[in-house]
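Descriptive analysis of the structure
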Amino acid sequence: MPPPDRQITEAVSPADFRRALGHYPTGVAVVTACRTDGDPLAMVVGTFTSVSLDPPLVGFLPSLTSTTWPDIRATGGFCVNVLGADQEQVCRAFASKAPDRFTAHTDGGPGNPRLTSAVLRVDCDIFQVLPAGDHEMVLGAVRRIEVAEEPGLPLLFLRGGYGAPHLASIQAESAGLADQLRLADLIRPEAESISRDLGLECLVTAPADDSIVVLAAAGIGSETRRSTTRVGTTFPLAAPFGPLFVAWAAEAERKAWLTRGQTLTGITDRSLAVAQLAAVRELGYGITTGREAADHFERVVTGMEEPAAIAEFLTALERRGPEPGLHRPVEKLTDVTSMHVPVRDATGQVVLALHLIGFTGQETPGRLRACLDRLRSGGRSADALLSRSSHDDGA
Ligand SMILES: Cc1cc2nc3c(=O)[nH]c(=O)nc-3n(C[C@H](O)[C@H](O)[C@H](O)COP(=O)(O)O)c2cc1C
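Parameters and conventions
Note on numbering: residues in each chain are counted from 1, in written sequence order. Local features in this predicted model are restricted to residues of pLDDT 70 or higher, and side-chain atom pairs are both shown and tallied only at a pLDDT of 80 or more, whereas totals for entire chains, interfaces and linings draw on every residue. Side-chain numbers here rest on the full set of heavy atoms in the structure, without hydrogens or water. Labels follow the DSSP assignment, with helices taken as runs of H or I lasting at least four residues and strands as runs of E lasting at least two, numbered in each case from the N terminus. For every residue, the accessible area obtained with a 1.4 Å probe (protein chains only) is divided by the maximum for its type, and the residue is called buried under 20%, exposed over 50%, and partly exposed between those limits. When checking whether two residues touch, look at their non-hydrogen atoms; a contact exists if any pair is within 4.5 Å. The positive count covers Lys and Arg only, the negative count covers Asp and Glu only, and His and the chain ends enter neither. To locate a charge, take NZ of a lysine, CZ of an arginine, CG of an aspartate or CD of a glutamate. One requirement defines pairing of two strands: DSSP has to find at least two bridges between them. The term polar contact refers here to a pair of N or O atoms within 3.5 Å; inside protein, the definition further demands a hydrogen-donor-capable atom paired with an acceptor-capable atom, and it admits residues adjacent in sequence only when both atoms are side-chain atoms. Near is defined per residue: the residue qualifies when any heavy atom it owns lies within 4 Å of the molecule or strand. Classification used: nonpolar for Ala, Val, Leu, Ile, Met, Phe, Trp, Tyr, Cys and Pro, charged for Asp, Glu, Lys and Arg, polar for all others including Gly. Between the rings of Phe, Tyr and Trp (Trp by its six-membered ring), a pair exists once the centres lie within 6.5 Å; its type follows the angle of the planes, with under 30 degrees stacked, over 60 edge-to-face, and the other angles tilted. Only Lys NZ and Arg CZ are tested; either one counts as a charge over a ring when it is within 6 Å of the ring centre and within 35 degrees of the ring normal.

Some details on the overall build of the protein
Of the regular secondary structure elements, the protein holds 10 helices and 17 strands. Seen along its three principal axes, the alpha-carbon backbone of the protein occupies a region of about 75 × 60 × 45 Å. Residues classed as buried in the protein amount to 43% of the 395 residues present. The contacts of the protein with a sequence gap of at least 6 include a subset with a gap of at least 24, amounting to 66%. Each charge sign in the protein was given a centre, from 37 positive and 48 negative side chains, and these centres are 4 Å apart.

If you want it as structure tokens, here you go:
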């Protein structure tokens, strides 16, 4: 007996096949090429896929009925333009062969047409064309890849309709951060759970060289989103910023943090930053208050101000004096803007931090206490996840 919640089809007709496989989402790409006489060519495909790393190959499947594919094939190469979530109209223009599709939606340079604001462009030489039923499987040897400076989300095609992915969290991908990313991935479920429980955003950060980098963000898709902090954002690990990463570190690291701050701000009296480190060490967490400072920080990290603004921000932070969040019980605080806890690996070293952001400033004392308690219990769970994984690695 088939399970009652499944529809089983054994003699699969093309219509059944199309309907059933429509449940599998694809991206949408426009494959372009340029005839020797300069005429542009393009076809929309949902079958673009990555095929091989070494050699780098990509593929797509043109139908044997396609009139454009033979012309693209004759050029010996093609450019795959992966469409962004806001480019549904561009897709429709190419699918319907709108007369102005090339002038309206491409950069207009020579060679294979390049679609404006494509998330990704991959230039290829045709490597192999394999028979594949009523389609052909085209393999392209990758010659060049272009990723948009700030790639948006890709356009998706599912069950005959267009959409955009909804990501509860996004993982940063950056060279040299492999270890930190692996750790961040381990504790990501905890960040997502904290974010869900509290309806706030929860970031995972790590120290990397002399910087702090945002590796994952949970709750960023929520409608209540208030901050503009992005995954991949980096900020100097310099006093008085990021005390969690040095509060329990060796003296040399604490000194380096203080010195970096001094170099950036020119403030030689380090007593305030030293006191802040001591307070964080004693509390086991950090809290920041003051909407103005938080807004200033967001402007700096979202690049709306010049690099020199980092020094200016650190100076302003230090000039403000002791952070009330580190010296008063959480119930007595007003205008809380963020809460922070360290995450330790099996050796007890602080390797990551969890940050709660997105406060409105209108929280009641009880709500503030509940947020801090939940974040701290999340920090302990994250510690346990990292310890467990290191035991698993050693087994
Ligand atoms: C979202 C979407 C995905 C498509 N995917 C493919 C595909 O993978 N292969 C293909 O041959 N045609 C695909 N098509 C249809 C082609 O875009 C095009 O309509 C078809 O190749 C006929 O046009 P032509 O004769 O100019 O090639 C897709 C169309 C849409 C709208």
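Brief notes about the sheet that holds strand E9 (residues 156-158)
Ordered by their spatial adjacency, three strands build an open sheet running E1-E9-E10, and the pairing between neighbours is antiparallel. A single partner strand is all that each edge strand has here, and the edge strands are strand E1 (26-27) and strand E10 (161-163). Sheet analysis places E1 next to E9, joined by two bridges and oriented antiparallel. Residue pairing across strands places Gly 27 opposite Leu 156, the latter belonging to E9.

Topic: the side chain of Asn 81
With respect to the helices and strands, the residue Asn 81 is situated in strand E6 (residues 77-82). Taking relative accessible area as the criterion, Asn 81 reaches 0% and is therefore assigned buried. Side-chain polar atoms of Asn 81 contact the side chain of Thr 32, separated by 3.5 Å. Apart from residues lying up to four places away in sequence, Asn 81 is in contact with Val 28, Ala 29, Val 30, Thr 32, Pro 113, Arg 114, Leu 115, Ala 118, Leu 120 and Arg 121.

Remarks on the site of the ligand
Within the structure, the ligand sits among 14 residues, and Thr 47, Ser 66, Thr 67, Thr 68 and Lys 97 are positioned closest to it. At a separation of 2.5 Å, an oxygen atom of the ligand approaches a polar side-chain atom of Thr 67. Lys 97 places a polar side-chain atom, nitrogen or oxygen, 2.3 Å from an oxygen atom of the ligand. Tallied by class, residues from the shell around the ligand come to seven nonpolar, six polar and one charged.

Some thoughts on the packing of aromatic side chains
Evaluation of the coordinates by the stated rule reveals 10 aromatic pairs. Seen from their ring centres, Phe 94 and Phe 102 are 5.4 Å apart, and the 80° between their planes marks the pair as edge-to-face. Both rings, one in Phe 241 and one in Phe 297, keep their centres 5.1 Å apart while their planes meet at 25°; by these two values the pair is stacked. With Phe 241 in the loop between strand E14 (234-236) and helix H6 (251-265) and Phe 297 in helix H8 (residues 291-301), the pair connects residues that are 56 residues apart, well separated along the chain. Among the aromatic residues, ring-to-ring pairing joins Phe 235, Phe 241, Phe 297 and Phe 313 into one connected group. The residue whose ring lies beneath Arg 344 is Trp 248, and the NZ or CZ to ring-centre distance is 4.5 Å.

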